[in-house]
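Notes for the structure review
Given next are the chains, with one letter for each unit.
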Amino acid sequence: MFVLELTYTAPLEAVDAVLPDHVVWLDQQYDKGFFLASGRKNPRDGGIVLAVAEDRDRIEEIIAGDPFVAAGVCAYRVTEFIATKTAPELASHRQTLD
């Protein structure tokens, strides 16, 4: 599982100009089963996405398709972790230690 932290690198006006395309992209990732939760940080200087994929390379490919990245308005920090405990709703995403 992955925590994707977005940090805005441009003024909010530039971020907001790309936001509709970013939301479409988010919806596509949810439809494909990659994203489990997402939202703005408070204060609004970026966002957080909880994601699943087979490996970090796949996550990097997904991130590269974000319109925010193409527009140069954010930077991503990717943290991979092993989700050994989850809420019942996320049981299918539980992992075991090797």
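Residues numbered from 1 in each chain as written. Predicted model: local features only at pLDDT ≥ 70, side-chain atom pairs only at ≥ 80, totals over all residues. Heavy atoms only, no water.

1. What about the overall build of the protein chain?
What counts, and what does not: We count a stretch as a helix when DSSP gives it H or I for four or more residues in a row; a strand needs E for two or more, and each element gets its number in order from the N terminus. As defined in this context, the radius of gyration uses C-alpha atoms, and a globule is described by 2.2 Å times the residue total to the power 0.38. A 1.4 Å probe rolled over the protein chains alone gives each residue an accessible area, and that area as a share of the maximum for its type sets the label: buried under 20%, exposed over 50%, partly exposed in between. Whether two residues are in contact is decided by their heavy atoms, any of which lying within 4.5 Å being enough. Calculation of accessible area relied on Shrake-Rupley with a 1.4 Å probe; when residues are assessed, cover is drawn exclusively from the protein chains displayed. The charge count treats Lys and Arg as positive and Asp and Glu as negative. His and the chain ends do not count. One atom stands in for each charge, and that atom is NZ of Lys, CZ of Arg, CG of Asp or CD of Glu.
A tally of regular secondary structure across the protein chain gives three helices and four strands. The order of α-helices and β-strands along the protein chain, N terminus first, is β-α-β-β-α-α-β. On C-alpha atoms alone, the protein chain measures out to a radius of gyration of 14 Å, which is about the 13 Å that the 2.2 N^0.38 rule sets for 98 residues. Overall, the protein chain is about 45 × 25 × 20 Å in size when its C-alpha atoms are taken along their principal axes. For the protein chain, buried positions account for 32% of its 98 residues. Put simply, 64% of the contacts in the protein chain that link residues at least 6 apart link residues at least 24 apart. Carbon together with sulfur atoms contributes 53% to the accessible area of the protein chain, which is approximately 5,900 Å² in total. Side chains of the protein chain give 9 positive and 16 negative charges; the mean places of these two sets differ by 6 Å.

2. Quick word on the pattern of salt bridges
Rule in force here: Salt bridges, as used here, are contacts in which a Lys or Arg side-chain nitrogen is within 4 Å of a carboxyl oxygen on Asp or Glu.
The final tally for this structure, using the stated rule, is seven salt bridges. Note that D45 is salt-bridged to K41, the shortest N-O span being 3.6 Å. Between R56 and E60 there is a salt bridge, with its nearest N and O atoms 3.4 Å apart. With R56 and E60 both in helix α2 (residues 56-64) and four residues apart, the pair spans about one turn of that helix. On the basis of relative accessible area, R56 is assigned to the partly exposed category, the value being 36%. Connected through shared salt-bridge partners, E5, K41, D45 and R77 make up one network.

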